[in-house]
Amino acid sequence: MTNQINKDLKKGLGENGLTQDQFKSILETTLNDYKSGITRSTGETGSYEAKITNIDSVKDNSLKKRTTIVSTGIADGKKKSITTKVVFGAQSTLDTLKYTVGAYKSDELSKKCNTNSKYCVRGEGNLFLHGGVSIKGDFKVDGNIITTDRGYAYLGGQQWIPSVLPTASPVEGQKASHIVLKGNVYTFDHNPDYDKHIETTNFNQGTTDKDWVCTGPWFWPKCKYVEKTTDSKYVNTTGDLSKAFFGTLPVITQREPIRDDIQIENQKNVFYFPEGPSVIYAQTSDSGNVKTFYNDLNFKNNYVYPQYKVKGYTSTNEDFEFTGNNYFGNFATKRSLYIRGSKSNFKETKFENGAYIGGNLIIGNTDISEYSEREYPNNFEKIKLDGPIFVEGNVTIEGVNGQFNTIMYVKGDVTIEYSVINGLNNTGSLIIFAGGDIKIRNNSLYQDNPSNIKGFFYSEKALEMFGVGSNIKIEGGVSARRIVLNAIRGKASKSSFSGSKEVDDDYYEGQANQLKLPPEKSRLQIIYDPNIMNTYADLKSREPMVISVDPPQITERKLE
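Summarised in this report is the structure supplied together with it. (Residues numbered from 1 in each chain as written. Predicted model: local features only at pLDDT ≥ 70, side-chain atom pairs only at ≥ 80, totals over all residues. Heavy atoms only, no water.)

Take unusual backbone geometry next. Within the chain, asparagine 442 stands out as a residue other than glycine whose phi angle is a positive 55°. Turning to its location among the elements, asparagine 442 is positioned in the loop between strand S35 (438-441) and strand S36 (451-459). The partly exposed category is assigned to asparagine 442, whose relative accessible area is 24%. A positive phi angle, near 60°, is found at tyrosine 446, a position not held by glycine. Its place among the elements puts tyrosine 446 in the loop between S35 and S36. For tyrosine 446, a relative accessible area of 16% gives the class buried. (Helix = DSSP H or I, 4+ residues; strand = E, 2+ residues; numbered from the N terminus. Buried < 20%, exposed > 50% of the residue type's maximum accessible area, 1.4 Å probe, protein only.)

Turning our eyes to something else, we now look at the sheet that holds strand S42 (residues 506-509). With antiparallel pairing, three strands are arranged side by side in an open sheet as S40-S42-S41. Sheet topology places strand S40 (492-493) and strand S41 (500-503) at the edges, where each strand pairs with a single neighbour. Inspection of the sheet shows S40 paired to S42 by two bridges, in the antiparallel sense. The residue of S42 that forms the bridge with serine 493 is tyrosine 507. (Pairing = 2+ DSSP bridges.)

Next up on the list: a nonpolar patch on the surface. A contiguous nonpolar surface patch, about 540 Å² in accessible area, is contributed by Trp218, Phe219 and Trp220. Of note, tryptophan 218 is situated in the loop between strand S16 (207-215) and strand S17 (222-230). For tryptophan 218, a relative accessible area of 76% corresponds to the exposed category. (Patch = residues over 30% accessible without salt bridge, like charges linked within 9 Å, V, L, I, M, F, W, Y side chains within 5 Å. Areas by Shrake-Rupley, 256 points an atom, 1.4 Å probe, with all protein chains shown as cover. Salt bridge = Lys/Arg side-chain N within 4 Å of Asp/Glu carboxyl O.)

This is the structure:
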């Protein structure tokens, strides 16, 4: 019965989805049909009858219902009765959000890789922890974990900077961090080529190189290429995690990971709406290459497109920029959108029911350039952003002192640098699901205090973060098909300090001092935020359309 109910719900949803009110009606009608009638079935072992006897609401999710299904029948000549409680509906929270760090493999995207290289990620499923990275919470890794006691940075060339092994700390109430691991744990102490290293797929296999070897007299040598094979320089330490982690050791658990089906590209159907009679146009006459709105915009209950209008000419096919406080019900634009703020006071942009961005989304001051401007939040633009957003292109967040409460579905790449991001009203977060790469870098360069970013970042490709010269703390988590985290502990500076090590005219905490410092002194911290799932659920509830049905969830089963 459960499979048939879900099949009926999917059919009622259709190809383009339903509004929330429409889906609630379909859900109610479908379940009541099964409550008023009896489903009969006959199998190889016997026959049974099933009926819904009760339908209850689900707390904090009006798009779900909890049902009680009673099945009675004859099996192997005996009468049996089973009472099952099953939840039907849409918009569950994601298993992905339960982990601080998750490196996953995707069968669907790997198949696409066979015909389109843009879907390929070498080293898929692997988690690289280079140096003194500090992670608080649990892991889910479909591939391998690779650690070393050196952080990586590109400083006039590739540099492996002495540090400490990464730390995996438990959240409050746990004795140890847990790792759901499908592969192995490896360590290394050589200086590999960084790009080749993070694309490695087999850490047990040695390398084969060709050397040009000459023999005979110097005036008439005989030369040829000779293959030279060396053993793998990676050491499998799965059985002894003390060689891979510093401090309290994590515990490896064997559990089949749940696969979340995000379907980023399909989210467009939730947010996009065409121009038409019901659309209101917010107009500007600014003549720049990017058409700027200098005044506040207030369209809280409307479907809105921005429009350039001058001397009888109108166009929505432009790049637009917001500078003030802006409030919309539903918003859409065909090309790129710039959201700016002010150094002196916060400017807020709110999309109550969501926004569709047909080009790129650029938030903050991308012209910030001088080190003196980049390093201090008082030089960043103060921006508040609220509401779910779909972006066809890339997202750039730069030079921002932000307060965010948003889910972004991004088809392209995401770059976050020179920014501080906190939750809006101390409860929100920045949750990003990206089809492209995510790079979080150049935040609080050479500063003792980290840039705080409250958010969760999910990529269908690779995610890379730096905490060597940068100093960053993520409250939330990260998930991608390949994750590379680079860090040291302690200070980084443009000038020498006691106990420092010089690397290409920059100075970093010496390894001896790093060994004495706690995980909180890591320049790259990722700390699990237990409120992230509540934020996700709250933001999902504001999306105007339902485009998928969750699998039935059995919460209780009793045999009588």
